[in-house]
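Each chain, letter by letter, is given below.
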Amino acid sequence: MEPAIQAAGWGLLAERGYAGMSFDELAERAGCSRPALYRRFANKRELVIWMLDNANRDTDPQLSARVAPRTVLIENLWGLVRHLGGPAGIATPELAQARRRDPELSAALDALYERERRPYVVALDAAFAGALPAAEVSAFVDNMIGAVLFRAGSLRQKISRRQVQQLVDQTLAAASAIVDGMRA
């Protein structure tokens, strides 16, 4: 039942937006009852967060602990590109609008973002053995993710793996310049 709910949810979100989603239509499209949805999800917000979380899990890279930080950054960013190329990408602009009207959705999306950005923060910090200030690490992570969100999520542009590698390499070079400047 979960794949059907997820597919129906993405379809409704793309067609009607967050405000236009209803459990009645979702249940009909998913082939289940409205009470079955309410047993699983307290409200639409909980459903959307579940959909996003599951979509993220599908594109998360499976990496060993000994993988180089550059590879971790590339694979995670490439996972985000794939994530945004799927149904969640269609929802990105709508959810950006919906979060302005729903503080609880906004807080839930912020918490999801913090969890999703963690591998980037850890990898970038490891790349410079902790020498890069935390605020710089955070800014570089947000810049990488933001570039992908804007191009793939908002503009719906295709991003190649080579472009992901370039973005990571540019980030590492800029971070290296900061660390070198601190050491000088």
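Not measured: the values here are computed from a predicted model.

What counts and how
- Residue numbers run consecutively from 1 along every chain, following the written order of its sequence.
- The predicted origin of the model limits local features to residues at a pLDDT of at least 70 and limits the giving and counting of side-chain atom pairs to 80 or more, whereas totals for whole chains, interfaces and linings rest on all residues.
- The side-chain values count all of the structure's non-hydrogen atoms but skip hydrogen atoms and water molecules.
- Runs of E in the DSSP output that reach at least two residues are strands. Runs of H or I that reach at least four are helices, and both are numbered from the N terminus.
- Each residue is assigned to one of three classes by its accessible area relative to the maximum for its type, calculated with a 1.4 Å probe on protein chains only: buried under 20%, partly exposed between the two thresholds, exposed over 50%.
- By definition, residues are in contact when any of their heavy atoms lie within 4.5 Å.
- The convention used is that axes are lines fitted to C-alpha atoms, helices contributing only their stretch in contact, and that angles between N-to-C directions extend from 0 to 180 degrees.
- To sort the angles, those under 35 degrees are grouped as roughly parallel, those over 145 as roughly antiparallel, those from 65 to 115 as roughly perpendicular, and the leftovers as oblique.
- With the far helix as reference, a near helix turned anticlockwise by less than a right angle produces a left-handed crossing, and one turned clockwise produces a right-handed crossing.
- We call Asp, Glu, Lys and Arg charged. Ala, Val, Leu, Ile, Met, Phe, Trp, Tyr, Cys and Pro are nonpolar, and the rest, Gly among them, are polar.
- Centres within 6.5 Å are what make two rings of Phe, Tyr or Trp a pair, Trp counting through its six-membered ring; a difference in plane orientation under 30 degrees is then read as stacked, over 60 as edge-to-face, and the rest as tilted.
- Whether a charge sits over a ring comes down to the Lys NZ or Arg CZ being within 6 Å of the ring centre and within 35 degrees of the ring normal.

1. A look at the overall build of the protein
For the protein, the helix and strand inventory stands at nine helices and zero strands. Traced from its N-terminal end to its C-terminal end, the protein shows the element sequence α-α-α-α-α-α-α-α-α. Over its C-alpha atoms, taken along the principal directions, the protein stretches across nearly 65 × 30 × 30 Å. In the protein, buried positions account for 41% of the 184 residues. A separation of at least 24 residues holds for 67% of the contacts in the protein among residues at least 6 apart in sequence.

2. Some remarks on the packing of helix α1 (residues 2–20) against helix α6 (residues 87–101)
Where α1 contacts α6, the two axes come as close as 9 Å, and the packing angle between them is 15 degrees. With respect to each other, α1 and α6 are oriented roughly parallel. Seen along the crossing, α1 lies across α6 with a hand that is left-handed. Taking contact as the criterion, the partners of W10, L13, A14, G17, Y18 and A19 in α1 are, on α6, P87, A88, I90, A91, E94, L95 and A98. Split by residue class, the contact of α1 with α6 holds eleven nonpolar, one polar and one charged.

3. Re unusual backbone geometry
At A129, a position not held by glycine, the phi torsion is positive, near 50 degrees. For A129, the location among the structural elements is in the loop between α7 (103–127) and α8 (134–154). Note on A129: relative accessible area 74%, which makes it exposed.

4. Re the packing of aromatic side chains
A full pass over the atoms with the stated rule returns two aromatic pairs. When the centroid spacing of 4.5 Å and the interplanar angle of 45 degrees are considered together, the rings of F23 and Y38 count as tilted. With F23 in helix α2 (residues 23–30) and Y38 in helix α3 (residues 34–40), this residue pair connects regions lying 15 residues apart in the sequence. Lying over the aromatic face of Y18, K44 brings its terminal NZ or CZ to 4.8 Å of the ring centre.

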